[in-house]
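Each chain, written out:
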Amino acid sequence: MSSRWYFVFPHIERSIVKETSLNSNVKPLPVFACQKLNLIQDVCFLVLACRFEKMISGMYMGELVRLILVKLARDQMVFQGKTTPELLTTGRFSTNEEGLANADKVLRDLGLNPSAEDCKATRRVCQIVSTRAARLCAAALAAVLRQIRDNKAAERLRITIGADGSVYKTHPGFSRRLQKMVRRLVPDCDVRFLQSPCGSGKGAAMVTAVAYRLAAQQAERQRILDTLRLSREQLLEVKRRMTDGIVLGLSKQTHEQTSVKMLPTYVRSTPDGTENGDFLALDLGGSSFRVLLVRLRSGKRHKVDMHQKIYTIPQETMQGTGEELFDHIVQCIADFLEYMGMRGASLPLGFTFSFPCNQSKLDEGILLKWTKGFKASDCEGKDVVMLLKEAIQRKQEFDLNFVAVVNDTVGTMMTCGYEDPKCEVGLIVGTGTNACYMEEMHNVELVEGNEGLMCVNVEWGAFGDFGELDDFCTQFDRSVDDCSNYPGKQRYEKMISGMYLGEIVRNVLIDFTSKGLLFRGKMSERLKSRGIFETKFLAQIESDRLAMRQVRSILQHLGLTGSTCDDSVLVKEVCSVVARRAAQLCGAGLAAVVDRMRQNRNQNQLDITVGVDGTLYKTHPHFSSIMQETLQDLAPQCRVTFLKSEDGSGKGAALITAVACRGNNQGQH
């Protein structure tokens, strides 16, 4: 008998359902019916649909029973070895016939004169075939259920299966056997079967209605996401406005009229390899504070050795008094010197102070305003070097013979300049964002002198504070800004940097959910918490190596345990759109900087290196490439090489201090 023909004759078998359940001597399912059940489950998706259907569906059940009975008759096992023309005629076992109450009547209608044993054998054939069909169907369902469970990354799946069809509905044992086998094959799934009353009529209408709803929802999602997408024309406009801000910021007359402050750093040159000595470096620019010892050795193969220790800054210290903050910093320095066996030492110090400062000399920095979550009182408008020295005097455990105030962006440029002399631009894209570059001295009107170059701290994070970006801001940007420590400030940074991108995504997800466009409209309490969607999730979710089930595990961490695979896809799209906009905005700003340098030098083509640091740039899988593509598109006459900085805020601070000390030793200012 061919293994491609299978089915059941339910009307014949109906009368023996009770008998089968009570008879302990009923023969087990034949080997051909169960031997390869596990294999079928594994490969059921690869089986040709028509062949699998011929092993299960009602279209073939009568023909299957007929072929088996013919085979048994010819083998002298039933009907005394006799057949009839009706039994040999294809299609004579019709599933649509009415009144087939028992096997005897069915067989007599086929021209046979069955005995009691013949009727039992016929019912037995029906039972065997129906059991195998139900189990095959169960194996296929089990494979589907396991795939769904894996997609959801669920330890246990709860699901309802809608079932329809004459075999499932009318056969006396098929549905029971099917359900029992499904539960045996997937014990980690709680499966409920629900019989459909009218799948082809009501179901068709439901499919149409759902398709219409999904199309409307998708259109609404894309409409919202389109507000976060920037055209090339918009990016060119951002570049133009940044260029205008740079020009205004450099001019003494218009300096106060722009949000781009263009602060002089008093760094006049990059390292030349002759720097030598031991230097301390302090790095304050986020929620952690580092103290470093940097040993520079000059020579043909200049060498840098670094030792560091990281300290946390408590939230209450970040937002307490200035005296408390700087006492904490000095305590960290004292602890580090003790750790290095250098208690009481007096060394030059490079203080990477990554906040907007006004400098009139290298060893002075007037804090303009706190950013990045800091709000320590009695600091704004004061010299941070003096605040540090006063705290050292209170501690009275060590001294510093020189302090250079260093911006982390300048430190990044200097670190990369130590490796590549063409590096004259620094870029930070991490918790915050900023840029610096070497500007012609005659353009830096805030400082006297026209000869040579000076590194200018663009402080572009504040770009937009005068309304320059209002027509590019979305409702989500405004929501993030309103809930920040300084509403209306650092608008460009809030659209780009790692401190805020996660919040933008979270606000988009909340908006989608409240409109029923995501998570089936069910909001988790954790998603309502500010800061819960960390920017590192964007990098993880957008990773090409991350499967959807891993995306879902991140959503589960956010309390979204009922999220679906479609939810994961949409969350990934939101992350992609937000990160892409950030990278494009950053690229547009950088295009303004390098194009200005090219024009300053009257060059048709500028070759330049940009030193880059920051976790967002380094860890996000697509940020750097999108930013570089945007830069190339908006500044085609600039050939830009990107060099990742290795500890610009530590090593760079020491290099700036070393360059300054070298200049002092040579009698230069």
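Structure's up top.
Conventions we followed
- Residues numbered from 1 in each chain as written.
- Predicted model: local features only at pLDDT ≥ 70, side-chain atom pairs only at ≥ 80, totals over all residues.
- Heavy atoms only, no water.
- Salt bridge = Lys/Arg side-chain N within 4 Å of Asp/Glu carboxyl O.
- Helix = DSSP H or I, 4+ residues; strand = E, 2+ residues; numbered from the N terminus.
- Buried < 20%, exposed > 50% of the residue type's maximum accessible area, 1.4 Å probe, protein only.
- Axes fitted to C-alpha atoms, helices over the stretch in contact; angles between N-to-C directions.
- Parallel < 35°, antiparallel > 145°, perpendicular 65-115°, else oblique.
- Left-handed = near helix turned anticlockwise from the far one by under 90°.
- Contact = heavy atoms within 4.5 Å.
- Nonpolar A, V, L, I, M, F, W, Y, C, P; charged D, E, K, R; others polar.
- Pairing = 2+ DSSP bridges.
- Disulfide = S-S within 2.5 Å.
- 1 Å grid on protein atoms, 1.4 Å probe; cavity = no way out; pocket = protein on both sides within 12 Å on 5 of 7 lines; lining within 4 Å.
- Points joined across faces, edges and corners; volume = space filled by probe spheres on them.

**Student:** Would you mind showing me how to read the pattern of salt bridges here?
**Tutor:** Opposite charge on two side chains makes pairing possible when the charged atoms of those side chains draw close. Summed over the entire model, instances satisfying the criterion amount to 40 salt bridges. Between Arg-601 and Glu-440 there is a salt bridge; the shortest N-O distance is 4.0 Å. Separated by 161 residues along the polypeptide, Arg-601 in the loop between α22 (565-600) and β14 (606-613) and Glu-440 in strand β12 (residues 433-440) bring together distant segments of the chain. Overall, the relative accessible area of 16% leaves Glu-440 in the buried class.

**Student:** How should the packing of α22 against helix α24 (residues 623-634) be read in this particular structure?
**Tutor:** Two numbers describe a pair of packed helices, the interaxial angle and the distance between the axes. Relative to each other, α22 and α24 sit at 40 degrees, their axes nearing to 7 Å. In terms of orientation, α22 lies oblique with respect to α24. Along this stretch, α22 crosses α24, giving a crossing that reads as right-handed. Facing Ala-579, Arg-580, Ala-582, Ala-583, Gln-584, Cys-586, Gly-587, Ala-588, Leu-590, Ala-591, Val-594 and Asp-595 of α22, the residues of α24 in contact are Phe-623, Ile-626, Met-627, Thr-630, Leu-631 and Leu-634. When the residues that make up the contact of α22 with α24 are grouped by side-chain class, the tally is 13 nonpolar, three polar and two charged.

**Student:** Explain the sheet that holds β12 to me, please; I cannot follow it from the model alone.
**Tutor:** Neighbouring strands of a sheet are bound in pairs by backbone hydrogen bonds; such pairs are parallel or else antiparallel. Strand order across the open sheet formed by six strands is β3-β13-β12-β11-β14-β15, with mixed pairing between neighbours. What marks the edges here is a single partner per strand, and that holds for β3 (263-264) and β15 (638-644). Relative to β14, strand β11 (residues 423-429) runs parallel, the two sharing five bridges. By the bridge assignment, Ile-428 is partnered in β14 with Asp-613. Along the sheet, α24 makes contact with β11 and β15, crossing β15 at roughly 160 degrees.

**Student:** I tried to follow the state of the cysteines on my own but got confused; where do I start?
**Tutor:** Working definition of a disulfide: a covalent bond connecting the sulfur atoms of two cysteines. Under the criterion given, the structure shown has zero disulfides. Not part of a disulfide, Cys-423 finds its nearest cysteine sulfur in Cys-416, a span of 4.8 Å. Cys-423 sits in the buried class, given a relative accessible area of 0%.

**Student:** I'm lost on unusual backbone geometry in this one. Help?
**Tutor:** For residues besides glycine, phi is generally negative; the peptide bonds are generally trans as well. For Glu-459, which is not a glycine, the phi torsion comes out positive at approximately 50 degrees. Of note in the backbone geometry, Gln-490 takes a positive phi value of approximately 55 degrees without being a glycine. Structurally, the position occupied by Gln-490 is in the loop between α17 (475-482) and α18 (491-496).

**Student:** Would you explain empty space enclosed by the protein in this entry?
**Tutor:** Over the atoms rolls a probe the size of a water molecule, and in doing so it shows where empty space is left. The tally for this structure, following the rule as stated, stands at two cavities of 30 Å³ or more. Taken as a whole, the largest cavity holds about 70 Å³ of empty space. Together, Leu-263, Pro-264, Thr-265, Phe-353, Phe-355, Cys-357, Gln-359, Val-405, Val-406, Asn-407, Asn-457 and Glu-459 line the largest cavity. Of the voids in this model, the second largest cavity is the one considered here, and its volume is about 30 Å³. Every residue along the wall of the second largest cavity is listed here: Cys-473, Asp-477, Asp-481, Arg-491, Lys-494 and Met-495. When residues of the lining of the second largest cavity are traced back to their parent elements, those giving at least two are α17 and α18. Looking at the lining of the second largest cavity, the element that brings in the most residues is α18, giving three residues.

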